[in-house]
Amino acid sequence: MASSSFNPRHLAGLFAQAAPAVISIGLLLVAWELYVNHSGIKPTVLPAPSRVLEQAMLNRDALLDNAIPTIRATLIGFACSLSAAFALSMLVDFFQPLRRALFPVFIVSQTLPLVAIAPLVVLWFGFGLTPKIMLVALVTFFPMLVALVQGYEATEVEIGQMLRSMGAGRWRVFWLARLPSALPYFFAGLRISITYAVVGAIFAEYAGAAKGLGIYMLNAKNNFRPDLVLAAVGVSAALTLVLFGLTVLLQHLAMPWERAAGRQTAGKGPHA
Amino acid sequence: MSRLEVRHVRKAFGGLEVLADISLRVDAGEFVSILGPSGAGKSTLFQLLTGAEHGEGEMFFDGAPLDDHGRHFAFMPQRDALMPWRRILDNTTLGLEVQGVHRKAARSRVAPLFAEFGLAGFERHFPAQLSGGMRQRAALLRTVVQERDMLLLDEPFGALDALTRAAMQRWLEQMWRHYRWTALLITHDVREAVFLSDRIYVLSARPARVVREIKVPLPRPRDPAGARQSGILEAEILDILLNLQPSKGHDHD
Ligand SMILES: Nc1ncnc2c1ncn2[C@@H]1O[C@H](COP(=O)(O)OP(=O)(O)OP(=O)(O)O)[C@@H](O)[C@H]1O
Ligand SMILES: [Mg+2]
C-alpha cells in the first residue's frame, strides 16, 4: 500500500501547491518590467527583468564558474555542521548537564553579526574554502542542534518506558525511539538551515574570495552592473530553492509513515 | 502458588503521596484487575513493577525479591505506544528484537499470530492507518509475543468507543481462555473488570490503598447471557467506588 516510490498524483498535488507562488512571482516580474519600461529609469540603476535575464544568458559561463565554489562551500560547510550538530546532540542527550554548559555559548554564537564576523574569518583563514565552510557551519550548526535535541525530547514517554521494560538500555532506547522521534524536527531544522547556509556562503565570499557568487556580486556592483548583481542573486535564489526542494524530497523518502498518516487523517506534528 | 506478590508498597513523588499501602498477589494463570478512580496511582504501581520508579515495600516474583524487573513482565502502557515509523509487523516484533532475536526469526514467530489478533493483511501498514481497536490489538500482540511470565496491561481499552471496547473485551476473554496468561489489568471500567477477571482489587482515590478484594465466581466462558449475576457484582463494586467519593474531600493536600 504505502510504497516508497513517487506517486504521480502526489506530484500533481505538489504542482498545485506551487502554482500560487509561481503566479505571484510572475505578476511581480511583469509589474517590474512595466515600471522600468514606462518610467524610463536607467538600467544602471534598475534594470528590467528581461535585461537581467538577457545578461545572465550572455554571462552564463562566468555565473556558472562562480556558482560552483559557492555550492561547494555551502554543501561542505553544511555537511560539517550537520555532523557536528548530530554528534553533539547525542552527547547532550546522554549527558544532560552538558546542555546547560554548552547552550549559552551556542546562543551567543547566533547573536554575532555576520557582517562583522565574515571579514575577520576571511582575515584569519584566507580567501580559500576554509573561511566559507566555517561561516556556513556557524550559521547552520545551532538551528540543527536545537532541532535534534528538541526532537529527542519529543519522544513519547510511554515508548521509552515500554522499551526499558523490554530490557533495552539507554543506547537502545536512543536508537529505537529517540532518534526516529526526532526526524520531523530534524527535517524542519534542515529546511530552515539550508537557506541560511547559502546566505552564509555568499556573505563569506562577499568579504573576500578568489571566486564565488558573493565576490561576483561585489565586482558587478563596483562596475555599476546591477543587472549582473541581480543575475547572481537569481542564481543564488535558484540554488536555495533547489536545495530546499531536495530536503523536502529527502523527508518524503525518509518518512514514508507521514504520507501513510496523511492519507487517513490530517497530518500532525511539528511541520511548518 | 502466587507468582507476583506485592506487600505494603508505598510511593510518593516529592511531597505527593500516591500509593499509601498496596498489598496484592496474582497467582499463576490468574487474571486479576485493579480498579480505581482516575489519578489514584494505578499506573504508578506498574512503574514500580517494571522498575521505572522505585518505592518502599516488598515485591516478590515466584517467591524471590523482584530486582531484575525486565525479565518477568510484558508491559502494555496506557497509550498503545506503537511507533508511528514502524510498520505493524515491526512494531509487534519490537520486544523480541530488544531481546536479541534476529529480525527474520522474530517476524516468523509473530506472523502466524496476526490472524488470531484480527490483523491479517495489515502487516505492512503503519499504525496511523489502523483503527483504534486494531492498534490496541497490535499493542497487545507486541506484548504477548515477548513470552514473559506475566502481562501488565494498563487500561488497554480505555481509549476505545463503547462498541469496540465491548468487542475487544470479548475477544480478550476468549484469547485468555486459550493462553491462560498470568495477567494484571488496570481499568476504570467496572463491567470490564467483572467480565475479564478472576479477582478484582478496588483501590481508593489518591493516596491509594486496597479497599476491597473481590472474587469473581462467574463461570467461563463469560458469555453475556450470564449477565444477571455479573450485574449484581457490578452494582456492588460500583457502590464501593461511589462510597469512596466523599472521602476524596478530606484527602486533599
Ligand atoms: N513521574 C511522576 N512525577 C510526579 N508525579 C507523578 C509522576 N507520575 C505520576 N505522578 C502523579 O501520581 C498520581 C497518580 O498517577 P497515575 O498515573 O499513577 O494515576 P492513574 O491511577 O494511572 O490514573 P489514570 O486512571 O487517569 O491513568 C498523579 O497525581 C500524577 O500526577
Ligand atoms: Mg494510569
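The notes below deal with the structure included here. (Residues numbered from 1 in each chain as written. Chains lettered and ligands numbered in written order. Predicted model: local features only at pLDDT ≥ 70, side-chain atom pairs only at ≥ 80, totals over all residues. Heavy atoms only, no water.)

## Let's talk about the site of ligand 1
All names here are of chain B.
Part 1 of the reasoning: Among the 15 residues in the neighbourhood of ligand 1, the closest are listed as Ser38, Lys42, Ser43, Thr44 and Gln78.
Part 2 of the reasoning: Ala40 is positioned such that a nitrogen or oxygen atom in its backbone is 3.2 Å from an oxygen atom of ligand 1.
Part 3 of the reasoning: Gln78 is positioned with one of its side-chain polar atoms (N or O) 2.8 Å from an oxygen atom of ligand 1.
Part 4 of the reasoning: Put simply, the parts of the chain that give the shell around ligand 1 at least two residues each are strand E2 (16-27) and helix H1 (42-50).
Part 5 of the reasoning: It is H1 that contributes the most residues to the shell around ligand 1, three residues altogether.
Part 6 of the reasoning: Counted by class, the shell around ligand 1 contains four nonpolar, seven polar and four charged residues. (Near = heavy atom within 4 Å. Polar contact = N/O pair within 3.5 Å; in protein donor to acceptor, adjacent residues only side chain to side chain. Helix = DSSP H or I, 4+ residues; strand = E, 2+ residues; numbered from the N terminus. Nonpolar A, V, L, I, M, F, W, Y, C, P; charged D, E, K, R; others polar.)

## Topic: the coordination of the magnesium ion (ligand 2)
Residue and element names in this part refer to chain B.
Part 1 of the reasoning: Those protein atoms acting as donors to the magnesium ion (ligand 2) are Ser43 (OG) and Gln78 (OE1), and they sit at 2.0 to 2.3 Å. Linking Ser43 in helix H1 with Gln78 in the loop between strand E6 (73-76) and helix H2 (88-92), this pair joins segments that are 35 residues apart in sequence.
Part 2 of the reasoning: A relative accessible area of 25% means that Ser43 is categorised as partly exposed.
Part 3 of the reasoning: Relative accessible area serves as the criterion here: at 36%, Gln78 is assigned to the partly exposed category. (Donors = N, O, S within 2.8 Å, 3.2 Å for Na, K, Ca; no water. Buried < 20%, exposed > 50% of the residue type's maximum accessible area, 1.4 Å probe, protein only.)

## Regarding the interface of chain B and chain A
Part 1 of the reasoning: Residue-level contacts link 26 residues of chain B with 22 residues of chain A.
Part 2 of the reasoning: Roughly 2300 Å² is buried in total at the junction of chain B and chain A, and carbon and sulfur atoms are behind 64% of that figure.
Part 3 of the reasoning: At the junction of chain B with chain A, the criterion picks out one salt bridge.
Part 4 of the reasoning: Taking the shortest distance from any N to any O, the salt bridge between Glu158 of chain A and Arg79 of chain B comes out at 3.2 Å.
Part 5 of the reasoning: At the level of elements, H1, E6 and helix H3 (94-99) of chain B are the ones that each hand at least two residues to the side of chain B that touches chain A.
Part 6 of the reasoning: A class-by-class count of the residues in the side of chain B that touches chain A yields 13 nonpolar, seven polar and six charged. (Contact = heavy atoms within 4.5 Å. Buried area = accessible area lost by both parts, 1.4 Å probe. Salt bridge = Lys/Arg side-chain N within 4 Å of Asp/Glu carboxyl O.)

## What to know about the side chain of Arg87 of chain B
Part 1 of the reasoning: Mapped onto the fold, Arg87 of chain B is located in the loop between E6 and H2.
Part 2 of the reasoning: Although Arg87 of chain B is buried, it makes no salt bridge; Asp90 of chain B carries the closest opposite charge, 5.4 Å away. (Lys, Arg positive; Asp, Glu negative; His and termini not counted.)

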